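A closer look at the structure
Spelled out, the chains give:
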Amino acid sequence: MDENLTIDQDRIMKINIEEEMKSSYIDYSMSVIVARALPDVRDGFKPVHRRILYGMLGLGNTSDKPYKKCARVVGDVLGKYHPHGDSSVYLALVRMGQEWNMRYKLVDGQGNFGSVDGDSPAAMRYTECRLSKMGEHIMDDIDKDTVDMVNNFDDTLKEPSVMPTKIPNLLVNGGNGIAVGMATNIPTHNLGEVIDGCCAYIDDPDIDVDGLMRYIPAPDFPTGAYIYGLQGVKDAYRTGRGRVVIRAKAEIESDDNHDRIVVTEIPYGVNKQQLIEYIADLVKEGKLEGISNVNDETGRQGMRIVVDVKKDANAKVILNKLFKMTALQSSFSVNCIALVPNKHDHSQLRPKLLSLKECISYFIEHRHEVTIRRTKFDLNKAKDRAHILEGLIIASDNIDEVVHIIRGSESPSDAQRNLETRFSLDELQSKAIVDMRLSQLTKLRLDDLHAEYEELEKRITYLQQILDDPELCKKVMKDDLLEVKQKYGDERRTQIIPDEHEFNAEDFYPNDPVVITVSHLGYIKRTPLKEFREQARGGVGSKGAHTREKDFTEFIYPATMHQTMLIFTRLGRCYWLHCYDIPEGDKASKGRAIQNLLNLESGDTVNAFLRLRGGGLGDEEFTNSHYVVFATKNGTVKKTCLKEYSRPRANGVKALIIADGDEVVDVRLTNGSNELILADRNGRAVYFDEKQVRPSGRAAMGVRGMVLDGNDDAVVGMIVVNNPEKETAMVVSENGYGKRSEIVEYRKTSRAKKGVKTIAITEKTGKLVAIKNVTDENDLMIINKSGIVIRMAVADVRVMGRATQGVRLINLTKKNDCIASVCKVMSSELEATVEEESRQKWNETNAKLEKDINSQEPQDATTLNPGSLDVTDTNVEN
């Protein structure tokens, strides 16, 4: 007895129950998280959905075949892949066929699949199903080794670890699930918008969330309705968590002094029957007055909930109460948690909270892997077939000898060996020749062999290019996505309306003309144009900005408050900034360091701007038809489509490649058919057609635009000629001399020339510092390095020959002072034009937000000086 007791005690292992509970619970929770409750970021599926679709494909239950009983599908999935309860499989199958839950159905159901009223589906023995066409696309190329196949629960069959989907299903159809210690809730989206966002990411992997929201503005729910306000959407897209407010689509109908509220679309996830019952309960309990009846008139024409309003009640007030008190306005709490693969081992998955960009990036990485694996599979198949065809072609070219060898052989295996010895074939080729039918010896069939071999050679070359060329691989990926978009893309169902607490900045700021100034040391500000008064030619000007010692105002640009500014740096980077985001300052203030507004690289400075009206970058037709033209100090010009700069990024983008010792001098916007004039310090100008500069991408250097005269020469500016008959070329020298010349006096040549004289450079005039295209309606603003500003009418400067030295424009009162910058604005007479529409919008927004803005009193509209900015300059007109 004692011996047995001793033995039993030796077999007992003492453990800490707290540690064991922790370990066991973690194992259980990870099993639930990875193998049951959370979707995979790559295909958007939980294991049960993936197994249902794969099981239906294995049954041949496709969209072109008759329906099969759901019970048969559920039984097949249970027996082969998913050993859990049949109700869990059936309910997952049903959900994939419910149009009010799925933005795009993956299962085509027949029978009672439930309803938006919360009705349960019929038993699986009564309902039928098959794959939808989109459900089939989820599994395209699954037979081409595109994804890893893993053993099922009893190691008797293989099932896919993930689907090779062309559809970004996680975003498109969303998903929800409750795991252990975490849950996920992902809204549905519009297929076309998501694919456009994916293509934008393929083109520019550095695109940020704001850039993606140009393509994916908000979720798109299958039940339609309205998304009310975008702040929650932005939070969800940036952080993975946010609250999207959804409002029902309701209208007020009037008939014989009787109003009724008609609801045709309700928020996603709302039970229609429970909503109607709750409204009726509120009326019965006296919590909601003014309603006489609530009817559900939903039919084949669509949803229709009718709320009858009493004659003495205000329908608008009641509708607002319904939004506040019922689920006609509800919220969707986004919690975008999904399983992401380990970088080194894709079979290892872990849960992660994902932003919009991360969801797309993981999907694109998956599509890249699928594309590469599919291409390798197709390439190997093509090579194997080409190898066989090489043997058959050898046999067809030597058919008499082949027949003689085969007839002289004792057995098929001897014939194979003899053929291999005679024609240096391998076993596969010799077997194909021996198995060849006599019908293949006809001339037609022999021609078919050669034609098939030539096609295979082309296909092998193309497939190899996909593997070798990353850009071609990207194109194939985009083509696959765009094919899906073309087949299944549809219009957005959920419309977006702004929240009453949100406002458009352009509505808040009047579209007044301003002057943007940038100092030599990089201080920027905007100043109302009214602060600059006009003076006669030859005046001494007024005091400008109080800058730091050894600093001066170097650049000065006209703009309007609503314009978007593309900011270009000396080293060739591009940044984005709204004019109303630039700090305001008077003429005497120094402004704010531009480094505080832009993420400039060390050693880089801003030296060129383009002004675009608000929304200009969002106008696809405009961005596709206009070009950004660069001129550098060493005479290089480069032209790039404006669309290349239509995706703002906080860190900017590379605008062009700059050679050592070179820098950007001027940037202009053109329509593709303009004429360009470049001028250098030595007073020469070259005039050529823009079409001589071919368009190139952002990552290009450009071509020679002007040949410079000596090492001390440099390009000082560039103008775009819009109307040569009306415009004149204004040139200004560093000692304050300038003149106007007719455009027609400049002889047009090809680019890469020295050009002709545009001003007579003397010791009195100094070197050329600026060239502008102006009309009599323009004013000229000149700033010298000491900070003196003068504004004068261009009409006061007479037109002269291009070889003259011009007249004095500004008196330089300080020794060693010189002109720093020149720009043009509209004349003061045109500034008196009243911008009524902009002013009205501003006043309305101001009144609405007056209570919320306590830190700054709204400016009295009567004290503002409305104006109109010059739109003849290509930098300004767009």
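Residues numbered from 1 in each chain as written. Predicted model: local features only at pLDDT ≥ 70, side-chain atom pairs only at ≥ 80, totals over all residues. Heavy atoms only, no water.

With that settled, consider the overall build of the chain. Scanning the chain for helices and strands turns up 22 helices and 41 strands. A total of 878 residues make up the chain; the buried ones form 51% of that total. At a minimum sequence separation of 6, the contacts of the chain that also span at least 24 residues come to 72%. Accessible surface computed for the chain: about 41,800 Å², of which carbon and sulfur atoms make up 47%. (Helix = DSSP H or I, 4+ residues; strand = E, 2+ residues; numbered from the N terminus. Buried < 20%, exposed > 50% of the residue type's maximum accessible area, 1.4 Å probe, protein only. Contact = heavy atoms within 4.5 Å. Areas by Shrake-Rupley, 256 points an atom, 1.4 Å probe, with all protein chains shown as cover.)

This part takes up the environment of Lys 654. Inspection of the secondary structure puts Lys 654 in strand S28 (residues 653-654). For Lys 654, a relative accessible area of 32% translates into the label partly exposed. A sequence separation of 79 residues divides Lys 654 from Tyr 575, and the C-alpha atoms of the two residues are 9.2 Å apart.

Further remarks concern the sheet that holds strand S31 (residues 684-689). An order of S33-S30-S31-S36 is seen for the four strands of this open sheet, with the pairing classed as antiparallel. Looking at the sheet topology across the chains shown, the edges are occupied by strand S33 (715-721) and strand S36 (756-757). Both strand S30 (residues 675-680) and S31 contribute to a ladder of five bridges, which runs antiparallel. Note on S31: the bridge partner recorded for Glu 675 is Asp 689. (Pairing = 2+ DSSP bridges.)

Checked against the element boundaries, Lys 166 lands in the loop between strand S5 (158-160) and helix H7 (169-172). Owing to a relative accessible area of 8%, Lys 166 belongs among the buried residues under this scheme. The contact partners of Lys 166, leaving out residues within four places of it in the chain, are His 137, Asp 140, Asp 141, Phe 363, Arg 367, Arg 374, Asp 480, Leu 481, Glu 483 and Val 484.

Bringing the nonpolar core into the picture now. Counting 106 residues, the largest nonpolar core has Ile 52, Leu 53, Leu 191, Ile 360 and Ile 364 as the members making the most contacts within it. Of all the elements, helix H13 (residues 356-397) adds the most residues to this core, at 16 residues. Two domains each put at least three residues into this core: domain 1 (31-218 + 338-345) and domain 3 (367-488). For Ile 52, the residues in contact, after removing those within four places along its chain, are Val 77, Val 89, Ala 92, Leu 93 and Met 96. By size, the runner-up hydrophobic cluster in this structure holds 23 residues, among which are Ile 266, Val 294, Met 303 and Ile 305. (Core = buried A, V, L, I, M, F, W, Y, C linked by side-chain atoms within 4.5 Å. Domains from an automatic or database assignment.)

This brings us to the packing of helix H15 (residues 412-423) against helix H16 (residues 427-434). Where H15 contacts H16, the two axes come as close as 9 Å, and the packing angle between them is 120°. With respect to each other, H15 and H16 are oriented oblique. Judged by the sense of rotation from one axis to the other, the crossing of H15 with H16 is right-handed. Together, Pro 412, Ala 415, Gln 416, Leu 419 and Glu 420 of H15 and Glu 427, Ser 430, Lys 431, Ile 433 and Val 434 of H16 make up the contact between the two elements. Across the contact of H15 with H16, the residue classes tally to five nonpolar, two polar and three charged. (Axes fitted to C-alpha atoms, helices over the stretch in contact; angles between N-to-C directions. Parallel < 35°, antiparallel > 145°, perpendicular 65-115°, else oblique. Left-handed = near helix turned anticlockwise from the far one by under 90°. Nonpolar A, V, L, I, M, F, W, Y, C, P; charged D, E, K, R; others polar.)

What the rule picks out here adds up to 41 salt bridges. Between Arg 304 and Glu 297 there is a salt bridge; the shortest N-O distance is 2.9 Å. Measuring nitrogen to oxygen at the nearest pair gives 3.2 Å for the salt bridge that ties Arg 526 to Glu 584. Separated by 58 residues along the polypeptide, Arg 526 in strand S19 (residues 523-528) and Glu 584 in the loop between strand S23 (573-578) and strand S24 (592-593) bring together distant segments of the chain. Overall, Arg 526 belongs to the buried group, its relative accessible area being 8%. Residue Glu 584 is classed as exposed on the basis of its relative accessible area, which comes to 51%. Sharing partners across several salt bridges, the network here consists of Asp 141, Lys 144, Arg 367, Arg 374, Asp 378, Arg 459 and Asp 480. (Salt bridge = Lys/Arg side-chain N within 4 Å of Asp/Glu carboxyl O.)

This structure, assessed with the given rule, holds seven aromatic pairs. With centroids separated by 6.1 Å and ring planes inclined at 80°, the aromatic side chains of Phe 568 and Tyr 645 adopt a geometry described as edge-to-face. Residue Phe 568 is found in strand S22 (residues 564-569), and its partner Tyr 645 is found in the loop between strand S27 (636-641) and S28; the two are separated by 77 residues along the sequence. In terms of burial, Phe 568 and Tyr 645 fall into one category: buried. (Phe/Tyr/Trp six-rings, centres within 6.5 Å; stacked < 30°, edge-to-face > 60°.)

In the numbering adopted here, UniProt assigns the feature "active site" (unreviewed entry) to Tyr 126. Mapped onto the elements of the fold, Tyr 126 is located in the loop between strand S2 (107-110) and strand S3 (128-131). Here Tyr 126 falls in the exposed class, since its relative accessible area comes to 53%. (UniProt positions renumbered as here; feature names shortened; annotations may be inferred.)

Here we take up the state of the cysteines. Under the definition given, this model contains zero disulfides. No disulfide involves Cys 129; its nearest neighbouring cysteine sulfur is the one of Cys 70, lying 3.8 Å away. Residue classification places Cys 129 among the buried positions, given a relative accessible area of 0%. (Disulfide = S-S within 2.5 Å.)

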